Amino acid sequence: MTDIFDFLKDIAAHNDREWFHAHRDRFDAVYAHFTDIAADMIARIAQFDPAVAGLPVKGTLYRFYRDTRFSLDKSPYKRHFGCYINPRGKKSPHGGYYLHLEPGHSLVACGAYCLPSPILRAVRRSIVERTDEFRAIVEAPQFAAHFPTIGMEHLKTLPAGFPRTYPYPQYLRPKDYSVWHDLPDAFFLQSGWEERAAALFREMKPFLDFVNDTIDDYL
């Protein structure tokens, strides 16, 4: 893990093709290690979510090369390694599990991102119709302690078409239904970190199941 973080720190400081090609052997070694981590995490998650069992590892990994065509940042390489374990593939609206390694910004997460408007509206409607069930998941003490925020972006007001009197507007304002837990670098340098990361994914599964229960009606 030290080699992975050291490489990512170096590529952040020297994000150019000349440096990368001069250190390609380091990249190949650490990326192979990350691939092994992804395979291990798939196996661990499959113990409590059989839907991910047997997923091709390469299909869960993100390219390290950045698409700079529409970005002001022309750095050719990412500064992190990412793995999205989704039984229906990385591009599916169906939610999955995400592992992100980046010095100072690592995390584990799960959920559904960039949902089409009809599906997003349906998820919100399910929350209204099954409020007690949803609250029992997200307000459980341990879940709330590890995942205090739902969604990366939020509306300032309730979405159109939902009653202004709904008593839990914070659950309808998210523009995506994801949760995450930030992890310090030291977490990954301790023996047994894989088991503890998998335990966090296990805690997230009831939330993911709730969201996917509605999403899958549209797939």
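Here the structure is shown first, and the text comes after it.
Residue indices follow the written sequence of each chain, beginning from 1 at its first position. Per-residue local features are limited, in this predicted model, to residues with pLDDT of at least 70; the limit for side-chain atom pairs, both in listing and counting, is 80 or more; totals at the level of whole chains, interfaces and linings are taken over all residues. Calculation of side-chain values draws on the structure's entire complement of heavy atoms; hydrogens and water are dropped beforehand.

1. Structural notes on the overall build of the chain
Heads up, the rule is: Per the convention used, a helix needs a DSSP run of H or I reaching at least four residues, while a strand needs a run of E reaching at least two, with both numbered from the N terminus. Based on C-alpha atoms, the radius of gyration is set beside the globule rule, defined as 2.2 Å times the residue count to the power 0.38. Each residue is placed in one exposure class: buried if its accessible area under a 1.4 Å probe, protein chains only, is under 20% of its type's maximum, exposed if it is over 50%, and partly exposed if it falls in between. What makes two residues a contact is simply this: any of their non-hydrogen atoms within 4.5 Å. The Shrake-Rupley method, run with a 1.4 Å probe sphere, supplies the accessible areas, and residue values consider only the shown protein chains as cover. Neither His nor the chain termini are counted; the positive set is Lys and Arg, and the negative set is Asp and Glu. Where a charge lies is defined by one atom per residue type: Lys uses NZ, Arg uses CZ, Asp uses CG and Glu uses CD.
Helix and strand counts for the chain come out as eight helices and four strands. Tracing the chain from N to C terminus, the helices and strands come up as α-α-α-β-β-β-α-α-α-β-α-α. The C-alpha radius of gyration of the chain comes to 19 Å, within 12% of the 17 Å expected for a compact globule of 219 residues. Summarising its shape, the C-alpha atoms of the chain cover approximately 60 × 40 × 30 Å along the three principal directions. Every one of the 219 residues in the chain was classed for burial, and the buried ones make up 46%. When contacts within the chain are restricted to residue pairs at least 6 apart in sequence, those whose partners lie at least 24 apart make up 66%. For the chain, the accessible surface area stands at approximately 11200 Å², while carbon and sulfur atoms represent 52% of it. Looking at the chain, you have 27 positive and 28 negative side-chain charges, and the mean spots of the two groups are 7 Å apart.

2. Some thoughts on the sheet that holds strand β2 (residues 96-101)
The following threshold applies: Strands are treated as partners if at least two bridges between them are detected by DSSP. Angular values range over 0 to 180 degrees, each being the angle between N-to-C directions of two axes fitted as lines to C-alpha atoms, with helices fitted over their stretch in contact.
Pairing within the open sheet is antiparallel, and its four strands lie in the order β1-β2-β3-β4. Since the sheet does not close on itself, it has two edges, and those belong to β1 (81-85) and β4 (177-183), each with one partner. Mean inter-strand twist for the sheet, computed between neighbouring axes without regard to direction, equals 15°. Across five bridges, the pairing between β1 and β2 is antiparallel. Following the sheet pairing, C83 is matched in β2 by L99. The strands touched by helix α3 (residues 24-46) within the sheet are β1 and β2, with β1 carrying the most contacts at an inclination of about 25°.

3. Some points on the side chain of S92
Formally: Any pair of nitrogen or oxygen atoms within 3.5 Å is treated as a polar contact; in protein, a donor-acceptor pairing is required on top of that, and neighbouring residues in sequence qualify only through side-chain atoms on both sides.
Along the polypeptide, S92 turns up in the loop between β1 and β2. Among the polar contacts made by the side chain of S92, one reaches the main-chain amide nitrogen of H94 at a distance of 3.1 Å. When sequence neighbours within four positions are dropped, the list of residues in contact with S92 reads N86 and L219.

4. Here we look at the packing of helix α4 (residues 117-129) against helix α8 (residues 193-215)
When two helices pack together, their arrangement is given by the angle between the helix axes and by the axis-to-axis distance. For the record, the criterion: Angles below 35 degrees are treated as roughly parallel, those above 145 as roughly antiparallel, those between 65 and 115 as roughly perpendicular, and all remaining angles as oblique. Each crossing gets its hand from how the near helix is turned against the far one by less than a right angle, where anticlockwise is left-handed and clockwise is right-handed. Ten residues, namely Ala, Val, Leu, Ile, Met, Phe, Trp, Tyr, Cys and Pro, are considered nonpolar, four, namely Asp, Glu, Lys and Arg, are considered charged, and the remaining ones, Gly among them, are considered polar.
Contact geometry of α4 with α8 gives a least axis separation of 9 Å together with a crossing angle of 125°. Considering their axes alone, α4 and α8 lie oblique with respect to each other. Two packed elements cross with a definite hand, and for α4 against α8 that hand is right-handed. Taking contact as the criterion, the partners of I119, A122, V123, S126 and I127 in α4 are, on α8, F210, V211, T214 and I215. Taken together, the residues of the contact of α4 with α8 break down into seven nonpolar, two polar and no charged.

5. Regarding the pairing of β4
Of all the seven residues making up β4, five are buried; the element is thus mostly covered by neighbouring parts of the structure. Taken together, the seven bridges between strand β3 (residues 106-112) and β4 define a ladder with antiparallel strand orientation. Looking across to β4, one finds that V108 is bridged to H181.

6. Quick look at the packing of aromatic side chains
Inclusion rule: The pairing test for Phe, Tyr and Trp rings, Trp by its six-membered ring, is centres within 6.5 Å, and the orientation test on the planes gives stacked under 30 degrees, edge-to-face over 60, and tilted for anything in between.
Summed over all chains, the structure comprises 29 aromatic pairs. The interplanar angle of 35° and the centroid separation of 5.3 Å between the aromatic rings of F34 and F81 together place this pair among those described as tilted. With F34 in helix α3 and F81 in strand β1, this pair connects stretches of sequence that are 47 residues apart. Ring centres of Y62 and Y98 lie 6.2 Å apart, and the angle between their planes is 75°; this geometry places the pair in the edge-to-face category. Of the two residues, Y62 is situated in the loop between α3 and β1 and Y98 in strand β2; the sequence distance between them amounts to 36 residues.

7. Focus on the nonpolar core
What counts here: We define a nonpolar core as any set of buried Ala, Val, Leu, Ile, Met, Phe, Trp, Tyr and Cys residues linked to one another through side-chain atoms lying within 4.5 Å.
Judged by nonpolar contacts, the single largest core of 64 residues is most densely connected at F7 and F207. At eleven residues, the largest contribution of residues to this core is made by α8. Excluding residues that lie within four positions of it along the chain, F7 makes contacts with W19, F20, H23, R26, F27, V30, F64 and F81.

8. Regarding α3
Selection rule: In this analysis, the expected span of each helix is defined as 1.5 Å times one less than the number of residues it contains.
For α3, built from 23 residues, the straight-helix expectation of 33 Å at 1.5 Å per residue is met to within 8% by its first-to-last C-alpha distance of 33 Å. Considered for burial, the residues of α3 that qualify are F27, V30, F34, I37, A38, M41, I42, I45 and A46. Here the buried face of α3 lies against α1 (2-13), α2 (17-22), β1, β2 and α8.

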